[in-house]
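Listed below, chain by chain, are the residues.
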Amino acid sequence: MGISRRQFFRSIAGTFLSLSVMSVFPERLFARWNAGAFKAGKLDDAVRELYGTLPEEDSSSIELTVPEIADDGAFVPVSVSSGMPGITSISIFSETNFSPLVASFDILPRMRPNLSLRIRMAETGKVVVIAKAGDRLYRTSKLVVVSVGGCG
Amino acid sequence: MKVKAVAVNEVVSVKLLIPHPMETGRRKDQGGNIVPAHFITEVTASHKGQEVFHAEFGPGVSRDPFFAFQFDGAKAGDTLTISWVDNKGSSEKSDFPIVAM
């Protein structure tokens with residue numbers, strides 16, 4: 001004997017319910033967002049969530065421009081630029097933030113590796129940039145002194 | 001969204017300002033209640049159907065995100081389409097002209 005009529009209609013109802021939920025919130029379910037990386041409380045964990053365990057080295061080929069002193073930690077301007085070929089991703093971190101990963105950029109084929117972004121810094125600390133090129137990660141960082149913390 | 005996209009020798013420099021509260025979810029209001037997290041999670045830009053920018057943002061991006069990027073292969077008169085999504089499912093998508101210097 002197959003499934004009962006009751007079971008059959010229950011399963012259809014369940015499918016309709018989940019389909020209607022998905023149509024109301026399509027963006028939330030299908031938007032790409034690396035929650036593991038953005039929620040990591042430690043910078044190295046966030047790096048691992050983003051890039052796995054690729055070999056990493058410090059690099060002077062990534063130019064990171066930040067103010068030495070930020071009057072307002074809520075608005076710290078960061079610029080990143082590099083002449084290194086083959087960069088496919090650049091991520092910006094504020095080491096002393098509750099969740100260090102601030103933003104991650106895909107460096108798409110037509111993009112130049114020149115970016116600027118205003119970030120929040122909770123307190124004085126390092127702004128860290130990681131660039132991925134090939135199967136290697138390249139790191140640079142600079143200390144920013146923050147006069148007034150930016151996380152409310 | 002406020003966008004300025006300028007083409008010089010087919011290299012386009014784009015500056016954007018997206019008004020958005022970018023609440024971290026850790027701030028307390030006057031009454032001592034936590035203001036829920038509300039922030040842009042993803043921004044995309046495309047030109048002639050090709051993606052020319054894609055970024056994931058978290059609550060560490062400042063309120064009213066202000067950012068800039070550059071891409072190749074577009075001329076003044078072309079159109080740049082920019083869209084964003086936030087963690088509450090809101091989104092916006094608009095076209096902007098690429099202008100000459």
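Within each chain, residues carry numbers counting from 1 in the order of the written sequence. By the order in which they are written, chains take letters starting at A while ligands take numbers starting at 1. Per-residue local features are limited, in this predicted model, to residues with pLDDT of at least 70; the limit for side-chain atom pairs, both in listing and counting, is 80 or more; totals at the level of whole chains, interfaces and linings are taken over all residues.

**Q** What should I look at first to understand the overall build of chain B in this one?
**A** The helix and strand inventory of chain B stands at zero helices and seven strands. Numbering of helices and strands starts at the N terminus; helices are DSSP runs of H or I of at least 4 residues and strands are runs of E of at least 2. Listed N to C, the secondary structure of chain B is β-β-β-β-β-β-β in terms of helices and strands. Dimensions of chain B, computed from the C-alpha atoms along their principal axes, are close to 55 × 25 × 15 Å. Taken across its 101 residues, chain B has 37% of its residues classed as buried. Pairs at least 24 apart in sequence give 53% of the contacts found in chain B among residues at least 6 apart. With C-beta atoms placed from the backbone, a residue is buried if 20 or more other C-beta atoms are within 10 Å of its own, exposed if 12 or fewer are, and partly exposed between those counts. Each residue gets a C-beta atom placed from its backbone, and two residues are in contact if those atoms lie within 7 Å.

**Q** Help me out: how do you make sense of the overall build of chain A in this one?
**A** Along its length, chain A carries four helices and nine strands. Beginning at the N terminus, the succession of helices and strands in chain A can be written as α-α-α-α-β-β-β-β-β-β-β-β-β. Burial statistics for chain A: of 152 residues in total, 34% are counted as buried. Counting only contacts in chain A whose residues sit at least 6 apart along the sequence, the fraction spanning at least 24 positions is 65%.

**Q** What is the right way to read the interface of chain B and chain A from this model?
**A** Reports often express the size of an interface as the amount of accessible area lost when the parts come together. Every contact between the two is made by 28 residues of chain B and, on the other side, 33 residues of chain A. Elements that contribute at least two residues to the side of chain B that touches chain A include exactly strand S3 (40-47), strand S4 (50-57) and strand S5 (66-72) of chain B. Any residue that is not Ala, Val, Leu, Ile, Met, Phe, Trp, Tyr, Cys, Pro, Asp, Glu, Lys or Arg is counted as polar, Gly included; the first ten are nonpolar and the last four charged. When its residues are assigned to classes, the side of chain B that touches chain A shows eleven nonpolar, ten polar and seven charged. Bridge count for strand S6 (residues 101-106) of chain A against S4 of chain B is four bridges, and the pairing is antiparallel. Among the inter-strand pairings, Asp 106 of chain A is bridged to a residue of S4 of chain B, identified as His 54 of chain B. Note on pairing: two strands pair once DSSP finds at least 2 bridges between them.

**Q** What is the right way to look at the pairing of strand S8 (residues 125-133) of chain A in this model?
**A** All names here are of chain A. Along S8, eight of the nine residues are buried, which leaves the element largely enclosed by surrounding structure. Looking at chain direction, strand S5 (residues 87-94) and S8 are connected through seven bridges and run antiparallel. The partner of Ser 89 across the bridge, within S8, is Lys 132. Of the strand pairs in this sheet, S8 and strand S9 (residues 136-148) are connected by nine bridges, and their pairing is antiparallel. For Lys 126, the partnering residue across the bridge sits in S9 and is Leu 143.

**Q** How should I be thinking about the environment of Gly 25 of chain B in this particular structure?
**A** Relative to the helices and strands, Gly 25 of chain B resides in the loop between strand S2 (11-17) and S3. Setting aside its immediate chain neighbours within four residues, Gly 25 of chain B contacts Ile 34, Pro 36, Ala 37 and Pro 59 of chain B.

**Q** Would you mind showing me how to read helix H4 (residues 43-51) of chain A here?
**A** Quick reminder: α-helices carry 3.6 residues per turn. Residues three or four places apart thus point the same way. All names here are of chain A. Within the sequence span of H4, burial applies to Leu 43, Ala 46, Val 47 and Leu 50. Buried residues of H4 fall within an arc of 100° about the axis and therefore sit on the same side. Where H4 is buried, its residues meet helix H3 (35-39), S5, S6 and S8. Arc, as used here, means the arc of the directions from the helix axis to the C-beta atoms.

**Q** Explain the pairing of S5 of chain B to me, please; I cannot follow it from the model alone.
**A** Put simply, side chains in a regular strand alternate between the two faces of the sheet. All names here are of chain B. Along S5, the buried face is formed by Phe 67, Phe 69 and Phe 71; none of Phe 66, Ala 68, Gln 70 and Asp 72, which line the opposite face, is buried. In this sheet, S5 lies alongside S2 in antiparallel orientation, the contact comprising seven bridges. Paired with Leu 16 across the bridge in S5 is Phe 67.

**Q** Looking at this structure, I do not really get the confidence of the model for chain A. What am I missing?
**A** Low pLDDT marks regions whose predicted coordinates should not be analysed in detail. Along the chain, pLDDT gives the predictor's confidence residue by residue, from 0 to 100. Summarising the model, chain A shows a mean pLDDT of 87, and 80% of its residues fall at 70 or more. Low confidence marks residues 20-30 of chain A, where pLDDT is under 50. Its contacts with residues over four positions away, or in another chain, come to six contacts.

**Q** Would you mind going over the confidence of the model for chain B with me for this structure?
**A** On average, residues of chain B carry a pLDDT of 97, and 100% of them reach 70 or more. Per the prediction output, this complex has pTM 0.87; the corresponding ipTM is 0.96.

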